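Chain by chain, the residues:
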Amino acid sequence: MDALIELTDLAVARGGESVFACAALALHPGERLAIVGPNGAGKTTLLRTVIGLEMPSEGSVTLFGQTCRSERDFRALRPSIGFLFQDSDDQLFCPTVIEDVAFGPLNTGCSEAEADARARETLAHLGIGHLAERVTHRLSGGEKRLVCLAGLLAMRPEVLLLDEPTNGVDAKNGERLLVALAGFEGAMIVVSHDDRFVAQIGTRAMLLSGGRLQPAEIHTHPHMHSHPHVHPAGVDPD
């Protein structure tokens, strides 16, 4: 089965210093790949490079079978990839929720009526249809996260890139988020420090640490409470 996203010997440098090097991965249909690692390891940079917001110093990014070498290459394929930013306030820019969620479909060829209908359908699917007319900057952190996700899902992407999706999300909205992502039929790459969320959503994992990306394993240890962890593949956590 052909990979939807393939990174080959990817390297990114900033200010003359390496962020990561020799990174390689392939994301196939239906996979939910979790990328974990310490703060500052370059996980967000990796996602930004996948979608062409950062350009690699070495290696290649291949999306849907097409090697992307320029902004023009990436721009043509971005509508098929939904990127959830780490900070919701960086993603919400329209006055109301319905305008924000309808923005993507409207700008990729839908009529105003089609975009509005798609936006309302997506909000209802996430259980937040009641937020449609709300002002975006007055939403709670969890509500903002779900509205951002709705904006991506309204585009009907094949792949989601999720940067710390549970940031600032309360238990009720967290459950809505998990249900929505569990029901997403496409593939996804998830960057998260939330071990429990990774164990619930991930089908496999990779660890980015020390400038290197390597396979990892998701484990759940039986303590007083379920306590999932991600470890480098082949390393006994005990």
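Below is a short write-up of the structure. (Residues numbered from 1 in each chain as written. Predicted model: local features only at pLDDT ≥ 70, side-chain atom pairs only at ≥ 80, totals over all residues. Heavy atoms only, no water.)

## Focus on the overall build of the protein
Counted only if it meets this: Put simply, DSSP marks the helices as runs of H or I at least four residues long and the strands as runs of E at least two long, and each gets a number from the N terminus on. The buried label applies to any residue whose accessible area, calculated with a 1.4 Å probe on protein chains only, is under 20% of its type's maximum; exposed applies above 50%, and partly exposed to all values in between. What sets the accessible areas is the Shrake-Rupley method with a 1.4 Å probe; for residues, cover comes only from the shown protein chains. Note that His is not counted, nor are the chain ends; the positive residues are Lys and Arg, and the negative ones are Asp and Glu. A charged residue contributes its charge at one atom only: NZ of Lys, CZ of Arg, CG of Asp or CD of Glu.
Within the protein, the regular secondary structure consists of seven helices and 11 strands. By its C-alpha atoms, the protein is 50 × 50 × 35 Å across when sized along the principal axes. Relative to its full complement of 238 residues, the protein shows a buried share of 49%. Summing over all exposed atoms, the protein offers an accessible surface of approximately 11,500 Å²; the carbon and sulfur share of this is 49%. Across the protein, the 20 positively charged side chains and the 31 negatively charged ones have centroids separated by 4 Å.

## Focus on the packing of helix H5 (residues 141-153) against helix H6 (residues 171-182)
To keep it simple, the criterion reads: Helix axes are fitted only over the stretch in contact, all axes being lines through C-alpha atoms; the angle between N-to-C directions runs from 0 to 180 degrees. Each angle is binned into one of four classes, with values under 35 degrees roughly parallel, values over 145 roughly antiparallel, values of 65 to 115 roughly perpendicular, and all other values oblique. In this scheme, a crossing is called left-handed if the near helix is turned counterclockwise away from the far one by less than a right angle; it is called right-handed if the turn is clockwise. In what follows, a contact means two residues having at least one pair of non-hydrogen atoms within 4.5 Å. Asp, Glu, Lys and Arg are counted as charged, while Ala, Val, Leu, Ile, Met, Phe, Trp, Tyr, Cys and Pro are counted as nonpolar; the rest, among them Gly, fall into the polar class.
Contact geometry for H5 and H6: axes closest at 9 Å, N-to-C directions at 20 degrees. With respect to each other, H5 and H6 are oriented roughly parallel. By crossing handedness, the relation of H5 to H6 is classed as left-handed. Between H5 and H6, the residues in contact are Gly 142, Glu 143, Leu 146 and Leu 149 and Asn 173, Arg 176, Leu 177, Ala 180 and Leu 181, respectively. Along the lines of polarity and charge, the residues of the contact of H5 with H6 split into five nonpolar, two polar and two charged.

## Some words on the pattern of salt bridges
Two side chains bearing opposite charge may form a pair once their charged atoms approach each other closely. As a reminder, the rule being used: In what follows, salt bridge is the name for a side-chain nitrogen of Lys or Arg lying within 4 Å of a carboxyl oxygen of Asp or Glu.
Overall, the coordinates contain 10 salt bridges when judged by the stated rule. Glu 31 serves as the salt-bridge partner of Arg 204, at 2.7 Å between the closest nitrogen and oxygen. Taken together, the residues span a long stretch of sequence, with Arg 204 in strand S9 (residues 204-209) and Glu 31 in the loop between strand S2 (17-27) and strand S3 (32-36) at a distance of 173 residues. Residue classification places Arg 204 among the partly exposed residues on the basis of a relative accessible area of 27%. The class of Glu 31 is buried, set by a relative accessible area of 17%. One salt-bridge network, held together by shared partners, links Arg 14, Arg 48 and Glu 54.

## Focus on the packing of aromatic side chains
Counted only if it meets this: Pairing of aromatic side chains requires ring centres within 6.5 Å, counting the rings of Phe and Tyr and the six-membered ring of Trp. Pairs whose planes differ by under 30 degrees are stacked, by over 60 edge-to-face, and all others tilted.
On inspection of all chains with the given rule, the structure shows two aromatic pairs. When the centroid spacing of 5.0 Å and the interplanar angle of 70 degrees are considered together, the rings of Phe 83 and Phe 85 count as edge-to-face. Overall, the relative accessible area of 27% leaves Phe 85 in the partly exposed class. Here the aromatic rings of Phe 93 and Phe 103 are separated by 4.9 Å at their centres, their planes lie at 85 degrees, and the arrangement is edge-to-face. Of this pair, Phe 93 sits in the loop between strand S6 (81-84) and helix H3 (97-106) while Phe 103 sits in helix H3, placing them 10 residues apart in sequence.

## Re the sheet that holds S2
Either a parallel or an antiparallel arrangement is found when strands of a sheet pair, and the pairing is made through backbone hydrogen bonds. To keep things clear, this is the line we draw: DSSP calls a pair of strands paired once it identifies at least 2 bridges connecting them.
Spatially, the four strands line up as an open sheet ordered S2-S1-S4-S5, and their pairing is antiparallel. Both edges of this open sheet fall to S2 and strand S5 (66-68), since each of them pairs with a single strand only. Adjacent strand axes in the sheet meet at a mean angle of 30 degrees when their direction is disregarded. Note: strand S1 (residues 5-14) against S2, seven bridges, orientation antiparallel. The partner of Arg 14 across the bridge, within S2, is Glu 17. Taken strand by strand, helix H1 (residues 43-50) contacts S1, S2 and strand S4 (58-63), and its axis lies near 120 degrees from that of S1.

## A closer look at the nonpolar core
Applied cut-off: Take the buried residues of types Ala, Val, Leu, Ile, Met, Phe, Trp, Tyr and Cys, join any two whose side-chain atoms come within 4.5 Å, and each joined set is a nonpolar core.
Val 101, Leu 123, Val 147, Leu 149, Leu 160, Leu 181 and Met 188 are the most contacted members of the largest nonpolar core, which totals 34 residues. Secondary structure elements with two or more residues in this core: H3, helix H4 (112-125), H5, strand S7 (159-163), H6, strand S8 (187-191) and helix H7 (195-201). Counting residues per element, this core draws most heavily on H5, at seven residues.

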